[in-house]
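# Architecture and fold: a report
These are the residues of each chain, in order.
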2 protein chains.
Amino acid sequence: MELEFVRWLTKRLPPHPRLRIGPGDDAALLELAAGEGVVVTADLLIDGVHFLASETALERIGHKCLAVNLSDLAAMAARPLAAVVSLALPRDGVSGIGPRETAAQLIEGMLPLCERLEVCIAGGDTNVHAGPLVVAVTALGESTPHGVLRRDGAKPGDALLVTGSLGGSLLGKHLDFTPRCEEALRLADSYTLHAGMDLSDGLSMDLPRLAAASGVGAVVEAAAIPMSDDAHEAAARSGRTPIDHALGDGEDFELLLAVVADEAERMLAEAPLACGLTRIGEVVAERGIFLQGAEGKRTPLEAAGYEHR
Amino acid sequence: MELEFVRWLTKRLPPHPRLRIGPGDDAALLELAAGEGVVVTADLLIDGVHFLASETALERIGHKCLAVNLSDLAAMAARPLAAVVSLALPRDGVSGIGPRETAAQLIEGMLPLCERLEVCIAGGDTNVHAGPLVVAVTALGESTPHGVLRRDGAKPGDALLVTGSLGGSLLGKHLDFTPRCEEALRLADSYTLHAGMDLSDGLSMDLPRLAAASGVGAVVEAAAIPMSDDAHEAAARSGRTPIDHALGDGEDFELLLAVVADEAERMLAEAPLACGLTRIGEVVAERGIFLQGAEGKRTPLEAAGYEHR
């Protein structure tokens with residue numbers, strides 16, 4: 001990382017109780033809770049593919065690039081700790097902003113979320129090149145005494161739950177969402193969760209992944225899906241139905257959970273999350289993903305999400 | 001990460017004793033030794049800046065991208081454990097090779113080094129775009145009971161040592177080097193080290209960084225610098241002197257260490273490293289970096305390395 005940028009960064013970043021050595025040495029040193037493992041995930045986002053720098057403030061882009069990574073830690077019910085940020089910065093700048101200021105604005109956009117979720121920026125790398133803006137974040141968290149939440153633990157009879165509401169993320173949520181880290185930790189702390197993941201490519205594409213990992217099928221009740229206002233707004237614009245958007249739109253970044261039916265009833269009664277929690281269906285032994293209409297008729301759910309590549 | 005690539009990866013990667021959950025879930029889970037911290041570093045390399053994909057096999061590029069990261073763990077005397085690999089892949093391929101095969105060849109190039117240093121590939125991300133090949137690696141290691149090796153512990157009177165030999169890396173070593181992870185662990189295990197770093201931008205640029213972090217100066221004895229055969233070869237081609245190349249060329253990826261003088265003598269007598277270990281000078285209280293000639297005359301050492309940006 002360029003020296004002057006490291007100097008700015010070390011001044012700008014607040015101290016963090018787990019970060020023993022931060023940016024400036026050859027590597028960072030992070031302390032874990034006794035007996036816990038490191039949970040690590042990476043997402044690389046590119047101008048023109050995952051965001052449009054010409055239309056979006058760099059702070060919002062920075063926020064998104066961090067948030068999508070922390071969402072993967074939420075999906076594991078891991079406690080987020082740190083992010084490492086590597087940048088390929090366009091030599092000629094982004095929207096008239098030079099490389100170093102581009103890097104600074106991206107980092108500035110990450111800091112409010114860092115503060116909210118007690119995450120530090122432990123290090124990274126900056127490079128200037130002739131190509132587009134590339135933001136590669138690696139997020140590090142730690143497991144908790146409850147273990148991590150995997151995709152492969154769903155059992156027939158489990159209830160399927162989602163946090164928040166789905167659809168229409170492109171109207172703004174895909175940039176400004178808060179990853180469900182606090183929610184995942186609260187649920188893991190109070191309930192037994194069988195399986196979970198975050199919805200990044202749309203329910204109709206992500207649910208089959210959870211089902212496949214667990215070796216099960218699933219039935220989703222169409223009427224139960226919590227549709228966001230943006231799903232309705234998107235439908236009004238696209239001419240498709242709100243449920244099409246709720247099932248098919250990517251980047252909801254909500255949690256999808258499989259929970260023993262009794263436990264799910266208790267969760268729904270106790271309503272522990274401000275963002276809401278909805279039972280959308282159940283896990284079944286028979287392979288395949290089905291959508292159940294009001295009359296009880298089941299039709300195969302077509303995968304219609306957006307697959308990130 | 002694209003599903004088919006994850007499938008290939010999970011089949012291709014050998015098991016690793018510390019990797020509890022590998023590629024395929026939302027994040028990976030890595031176990032640390034009891035009581036140790038995570039050491040984390042990232043380097044992002046770009047076609048046209050850090051390597052030339054048109055002239056270099058993708059396996060060699062993959063090796064380099066992993067090796068530069070592991071060299072930073074060596075610089076901290078940390079035990080390497082895992083790498084996370086995020087790729088921006090040119091849509092039209094690299095030298096006639098499509099995106100997925102490009103990713104596979106990069107990973108293949110990393111595996112021999114992974115095996116040698118017992119490092120796993122814990123996860124990552126693949127994306128296709130219109131820009132150049134970008135390889136963003138984050139390396140994770142763990143501290144050892146000896147603690148980590150920082151840049152800021154050098155004391156006046158310490159001997160300055162380097163592993164291996166310096167200069168002319170561009171003739172090939174910059175692609176094919178083995179990071180000094182085993183060497184750093186062996187030295188930390190047997191000797192008390194005050195400070196250390198890896199030489200990535202050239203001794204004349206990196207030594208001032210170690211000195212500045214430690215609040216000291218340094219004197220380098222020109223005649224003591226271990227010059228590589230490639231430093232001589234590079235000098236024959238460039239018309240500059242071999243010592244210019246040994247001082248100024250980047251990407252040596254050797255270790256620079258500051259060690260109490262007595263301890264350094266013991267190290268040199270015991271010669272614990274196959275790659276060699278050379279005393280090149282000493283740490284002094286007076287700020288500034290000096291080159292001492294055969295007659296004992298000291299001249300300020302000009303920073304002539306290549307600063308990675």
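The structure displayed is predicted, hence computed values, not measured ones.

### Observations concerning the interface of chain A and chain B
Accessible area lost upon the coming together of the parts is a frequently used measure of interface size. With 54 residues of chain A in contact, the opposing surface of chain B contributes 54 residues. Across the chain A/chain B interface, buried area totals approximately 4,300 Å², and carbon plus sulfur atoms make up 60% of it. Linking chain A to chain B there are 17 residue pairs in polar contact (both at pLDDT 80 or more). The element best represented in the side of chain A that touches chain B is strand β3 (residues 38–46) of chain A, accounting for eight residues.

### Overview of the sheet that holds strand β10 (residues 255–259) of chain A
All names here are of chain A. Spatially, β8-β10-β7-β11-β9-β12-β13 is the arrangement adopted by the seven strands of the open sheet, whose pairing is mixed. Each end of this open sheet is capped by a strand with a single partner; those strands are β8 (195–198) and β13 (298–300). Adjacent strand axes in the sheet meet at a mean angle of 25 degrees, parallel and antiparallel pairs treated alike. Pairing between β8 and β10: four bridges, direction antiparallel. Within the sheet, the bridge partner assigned to Gly196 lies in β10 and is Leu257. Packing against the sheet, helix α6 (residues 203–214) makes contact with β7 (159–163), β8, β9 (217–221), β10, β11 (277–284) and β12 (289–292), and its axis sits at approximately 150 degrees to β8.

### Some thoughts on the domain arrangement of chain A
All names here are of chain A. We note that the domain assignment places domain 1 (3–142) and domain 2 (159–300) within chain A. Computed from C-alpha coordinates alone, the two centres of domain 1 and domain 2 are separated by 28 Å. With 18 residues of domain 1 at the interface, the matching set in domain 2 holds 19 residues. Here domain 1 meets domain 2 over a buried area of about 1,600 Å², counting both sides, of which 62% is carbon and sulfur. Applying the counting rule to domain 1 against domain 2 returns three salt bridges. Of the charged contacts, one joins Asp176 and Arg60 as a salt bridge, the two residues approaching to 2.6 Å between their closest N and O atoms. Our count for the domain 1 to domain 2 interface comes out at six residue pairs in polar contact (both at pLDDT 80 or more).

Thresholds, definitions, all that
- Going along each chain's sequence as written, the residues are numbered from 1 onward.
- Chains carry letters from A onward and ligands carry numbers from 1 onward, assigned in written order.
- With pLDDT at 70 or above as the cut-off, local features in this predicted model cover only qualifying residues; side-chain atom pairs require 80 or more to be listed or tallied, and sums for whole chains, interfaces and linings still use all residues.
- Neither water nor hydrogens contribute to the side-chain values; these are computed over all heavy atoms in the structure.
- By definition, residues are in contact when any of their heavy atoms lie within 4.5 Å.
- As a working definition, buried area equals the accessible area (1.4 Å probe) given up by two parts on being put together, with both sides summed.
- In the analysis that follows, any N or O atom pair within 3.5 Å is treated as a polar contact, provided that within protein one partner can donate a hydrogen and the other can accept it, and provided that, for residues neighboring in sequence, both atoms belong to side chains.
- We count a stretch as a helix when DSSP gives it H or I for four or more residues in a row; a strand needs E for two or more, and each element gets its number in order from the N terminus.
- Two strands qualify as a pair provided that DSSP identifies no fewer than 2 bridges between them.
- All axes are obtained by fitting lines to C-alpha atoms, using only the stretch in contact for helices, and the reported angles, taken between N-to-C directions, cover 0 to 180 degrees.
- Here the limits of each domain have been adopted from an automatic or database domain assignment.
- Any Lys or Arg side-chain nitrogen found within 4 Å of a carboxyl oxygen on Asp or Glu counts as a salt bridge.

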